[in-house]
Amino acid sequence: MAASGHESPCASGSPRHVSRDVPDVSDEAQGRLYAALDLGTNNCRLLVARPEQRGFRVVDAYSRIVRLGEGLGHTNRLSDAAMERAMEALACCRDKLEDRGVERFRLIATEACRAAENGPQFIERVRQETGLALEIASRETEARLAVAGCASLVCPDANGVVLFDIGGGSSEIVWLDLRNRCGARGVALTRFIRAWISLPVGVVNLAERHGGRHVTADTFEAMVNDARAHLEAFTLGRELSAAICDGKVHMLGTSGTVTTLAGVHFGLKRYDRRRVDGAWMDNEDVTAMIERLRAMPYEERVDNPCIGADRADLVLAGCAILEAIRRRWPCQRLRVADRGLREGILMELMAADNVWRRKPPHRQRPRGRTR
């Protein structure tokens with residue numbers, strides 16, 4: 001993982017040494033595969049993983065842009081073309097689960113299926129045609145899973161984190177108040193969610209309302225104001241601002257928007273998760289990257305290896321949502337996460353199965369005189 005600008009005590013993702021209290025993977029979980037599927041407004045993504053001492057190792061992954069929420073803002077319905085694209089992707093996911101013999105999994109759908117009038121009917125169609133039983137996750141569940149998936153990237157010294165997940169149809173923002181965490185880490189950090197909000201704006205519906213290909217300065221500001229208006233509903237907004245002023249609060253972003261910003265920032269000739277996941281960006285770096293993307297013509301965004309044709313008309317809407325969050329709660333540092341909801345599902349499934357068990361303390365035989 002790379003740090004941006006300066007070294008930080010949190011610049012690496014996890015300590016290099018192996019501590020004595022690292023838990024073992026239970027005998028029952030050895031070799032067991034887990035899977036998490038996220039059908040979002042823009043993407044269909046699957047992860048298959050095997051538990052290890054420090055978490056899990058991904059053994060298979062799948063991602064396809066399906067734009068399930070295309071046109072949803074105008075019709076309140078999933079279109080036939082969008083559902084067909086999603087069905088094709090879900091059939092591929094079903095095949096992977098069967099080929100791998102995965103028995104423990106959780107499959108969720110998010111904002112597009114929550115908002116669409118025909119969302120429940122589509123979920124039933126998926127069940128009948130693929131055998132996959134998707135659940136429509138609540139916004140609160142989505143926020144909690146994002147925290148669980150990104151918890152390992154929270155700086156150990158942080159008193160708080162503003163975590164955000166900019167999606168296709170909605171954006172979740174979470175305040176982790178860590179002033180009294182007492183060493184808690186990992187999935188346990190979900191207990192420190194002080195407040196959260198789900199904005200009914202994401203990159204797809206915002207770009208559809210304002211235009212995503214040719215974005216003028218006025219258009220960009222209109223998108224920022226559109227997103228920022230929804231932030232006023234955050235009940236503890238002033239308290240969060242005060243906590244940020246006290247210091248030791250950083251942002252943690254999990255979305256295609258922030259990973260794209262990081263990829264462009266590092267000048268990657270092709271996207272490299274190892275360079276992006278866990279990277280730190282200073283406030284000035286984020287501002288510079290947003291300005292750089294705003295100045296790019298649509299065709300240049302298409303040609304950029306970290307953006308491409310699939311994201312070229314959506315990335316500026318994502319930047320506008322990020323800019324709205326930054327103006328409302330300015331933090332000096334942002335950590336980039338190429339992980340999130342699927343990883344959160346996997347961590348919660350494995351924790352529920354008690355796959356990690358602490359090693360029993362080694363007891364030495366008492367020394368004494370033999371008779």
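A quick note: this is a predicted structure, and the numbers were derived from the prediction, not measured.

Chemist: Can you walk me through the sheet that holds strand 9 (residues 193-199) in this structure?
Modeler: In any sheet, the strands associate via hydrogen bonds between backbone groups, in a parallel or an antiparallel arrangement. Spatial ordering of the open sheet is given by 9-8-7-10-12-11, a layout of six strands whose pairing is mixed. Each edge of the sheet is formed by a strand with only one pairing partner; in this case those strands are strand 9 and strand 11 (280-282). Pairwise comparison of adjacent strand axes, ignoring direction, gives a mean angle of 20° for this sheet. Pairing geometry for strand 7 (residues 160-166) and strand 10 (residues 249-254), over five bridges, is parallel. Looking across to strand 10, one finds that Val161 is bridged to His250. Helix 9 (residues 256-265) rests against strand 7, strand 10, strand 11 and strand 12 (333-337) of the sheet, and its axis sits at about 105° to strand 12. Contacts between helix 14 (residues 315-328) and the sheet are confined to strand 7, strand 8 (171-177) and strand 10, with strand 7 contributing the most and set at about 155° to the helix.

Chemist: For this particular structure, what's the right way to read unusual backbone geometry?
Modeler: Generally, phi is negative for residues other than glycine and the peptide bonds are trans, each holding for most cases. Residues other than glycine seldom take positive phi values, yet Arg67 does so here, at roughly 50°. Note on Arg67: relative accessible area 18%, which makes it buried. Here the phi dihedral of Asn76 falls at roughly 60°; this positive angle occurs in a residue that is not glycine. Checked against the element boundaries, Asn76 lands in the loop between helix 1 (72-75) and helix 2 (80-100).

Chemist: Would you take a moment to explain the environment of Ala109 for this structure?
Modeler: One can find Ala109 in strand 5 (residues 104-109). C-alpha separation for the pair Ala109 and Ile123, spaced 14 residues apart in sequence, amounts to 8.5 Å. Not counting residues up to four positions away in its chain, the partners in contact with Ala109 are Leu39, Ile123, Leu134, Glu135, Ile136 and Ala137.

Chemist: Got a minute to help me understand the nonpolar core in this structure?
Modeler: As a rule of thumb, nonpolar side chains are buried together in soluble globular proteins. The biggest cluster of nonpolar side chains holds 58 residues, and the ones touching the most others in it are Phe164, Ile173 and Leu293. Those residues in contact with Ile173, other than ones at most four positions away along the chain, are Val162, Leu163, Phe164, Ala195, Trp196, Ile197, Leu199, Leu231, Phe234, Ile325 and Trp329. Counting residues in each nonpolar core, the second largest holds 31 residues, with Cys44, Met87, Ala116 and Ile123 among its members.

Chemist: How should the packing of aromatic side chains be read in this particular structure?
Modeler: Two aromatic rings, taken as a pair, are described by how far apart their centres are and by the angle between their planes. Summed over all chains, the structure comprises one aromatic pair. Where Phe234 meets Trp329, the ring centres are 5.1 Å apart and the plane angle is 65°; that geometry is what we call edge-to-face. With Phe234 in the loop between helix 7 (217-231) and helix 8 (237-245) and Trp329 in the loop between helix 14 and strand 12, the pair connects residues that are 95 residues apart, well separated along the chain. Taken as a pair, Phe234 and Trp329 share a single burial class, namely buried.

What counts, and at which threshold
- Residues numbered from 1 in each chain as written.
- Predicted model: local features only at pLDDT ≥ 70, side-chain atom pairs only at ≥ 80, totals over all residues.
- Heavy atoms only, no water.
- Pairing = 2+ DSSP bridges.
- Helix = DSSP H or I, 4+ residues; strand = E, 2+ residues; numbered from the N terminus.
- Axes fitted to C-alpha atoms, helices over the stretch in contact; angles between N-to-C directions.
- Contact = heavy atoms within 4.5 Å.
- Buried < 20%, exposed > 50% of the residue type's maximum accessible area, 1.4 Å probe, protein only.
- Core = buried A, V, L, I, M, F, W, Y, C linked by side-chain atoms within 4.5 Å.
- Phe/Tyr/Trp six-rings, centres within 6.5 Å; stacked < 30°, edge-to-face > 60°.

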